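Chain by chain, the residues run as shown.
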Amino acid sequence: SDVCSSDLQFNALKRLYKQISLKRRRQLLGSLILMISSGMAEAYIISSFSLLLSSFSNILENESSNLVLGQAIEFQNINSNIIFFGFAILLTGVLRVSTIRITSFVPALIANDLSCKIITKLLYRNYDEHVRSNTSVLINKATQQLNTTIDCICLIMVIINNTVLALGIFIALLFLSWKLT
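In this report, the structure presented in the accompanying data block is examined. Every chain begins its residue count from 1, and numbering advances along the sequence as written. Residues qualify for local features only when their pLDDT is at least 70, as the model is predicted, and side-chain atom pairs are given and counted only at 80 or more; totals for whole chains, interfaces and linings, by contrast, use all residues. Here the side-chain values reflect all heavy atoms present in the structure, with hydrogen atoms and water set aside.

### Digging into the overall build of the protein
The line we're drawing: Strands are runs of DSSP state E lasting at least two residues, helices are runs of H or I lasting at least four, and both sets are numbered from the N terminus onward. Categorising residues by exposure relies on relative accessible area from a 1.4 Å probe, with only protein chains included: less than 20% of the type maximum marks a residue as buried, more than 50% marks it as exposed, and the intermediate range marks it as partly exposed. Using a 1.4 Å probe, accessible areas were evaluated by the Shrake-Rupley method; residue-level cover was limited to the displayed protein chains.
Of regular secondary structure, the protein possesses five helices and zero strands. The buried share of the protein, taken over its 181 residues, is 24%. For the protein, the accessible surface area stands at approximately 12700 Å², while carbon and sulfur atoms represent 67% of it.

### Here's the deal with the pattern of salt bridges
Operational definition: Any carboxyl oxygen of Asp or Glu that lies within 4 Å of a side-chain nitrogen of Lys or Arg is treated as forming a salt bridge with it.
Inspection of the entire model under this criterion finds two salt bridges. Across the pair D113 and R24 runs a salt bridge, and its minimum N-O distance is 2.6 Å. One end of the pair, D113, is in helix α3 (residues 68-123); the other, R24, is in helix α2 (residues 22-61), with 89 residues separating them in the sequence. Classification of D113 as partly exposed rests on a relative accessible area of 23%. Where R96 meets E42, a salt bridge forms, and the shortest distance between an N and an O atom there is 3.8 Å. One end of the pair, R96, is in helix α3; the other, E42, is in helix α2, with 54 residues separating them in the sequence. R96 gets classed as buried once you look at its relative accessible area, which sits at 18%.

### Here's the deal with the packing of aromatic side chains
The condition that has to hold: Any pair of Phe, Tyr and Trp rings, taking the six-membered ring for Trp, is counted once the centres come within 6.5 Å. Such a pair is stacked with planes under 30 degrees apart, edge-to-face with planes over 60 apart, and tilted for the rest. Only when the NZ of Lys or the CZ of Arg is both within 6 Å of the ring centre and within 35 degrees of the ring normal is a charge said to sit over the ring.
By the definition in use, this model includes zero aromatic pairs. Against the face of Y17 rests R25, its NZ or CZ located 4.6 Å from the ring centre. Positioned over the ring face of F105 is R101, at 5.1 Å from the centre of the ring.

### Structural notes on the side chain of R24
Heads up, the condition is: Any N or O atom pair separated by 3.5 Å or less is treated as a polar contact, with the protein-specific requirement of one donor-capable and one acceptor-capable atom, and with residues adjacent in sequence counted only for side-chain atom pairs. Residue contacts are counted whenever heavy atoms from the two residues lie within 4.5 Å of one another.
On the basis of relative accessible area, R24 is assigned to the buried category, the value being 9%. There is a polar contact of 2.9 Å between the side chain of R24 and the side chain of Q27. Among the polar contacts made by the side chain of R24, one reaches the side chain of D113 at a distance of 2.6 Å. When sequence neighbours within four positions are dropped, the list of residues in contact with R24 reads L109, I110 and D113.

### Some thoughts on the nonpolar core
Rules: To form a nonpolar core, buried Ala, Val, Leu, Ile, Met, Phe, Trp, Tyr and Cys residues must be joined to one another through side-chain atoms within 4.5 Å.
Core analysis: the largest hydrophobic core is formed by twelve residues, namely L16, I20, L28, M35, V106, I110, A111, L114, L146, I150, I153 and M157. Of all the secondary structure elements, the ones that give two or more residues to this core are α2, α3 and α5 (135-180).

See the structure below:
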């Protein structure tokens, strides 16, 4: 029963995808690329922050030695890493905010396109069909179903975004455990 239900849902998503214009498909692809970049940036931030902390702790452990020149070189290296890390945080923040905006904006554009198609099909029917049916009831039902569909698209995009982000963090943690051991 669950397999049949998931097949029906997947087929419904495929039919919906076929109804979306090429422009909206490209925007969906662009948002997916933005989500992946954001996940990779988060992974980079986590791994570089941990490596920066470990290099700083190495300097503090070696503080007892009298190698002042070596410490000055190491501190310069850490200062440049901190500046680079700050820029990386800024870039990651911009990517995250952009991803959140795109995740809510693209489904709204898809809803606009689909509602235009639905209204156009309802209004450009034959006169006999208009007389036999109540157009306002049809438009109301179509609007309700469209709202449900767009909520589903938003949720799918959020799930994809969070999955990519979780994978990025997981990969960063794997990298750190490999690097630090």
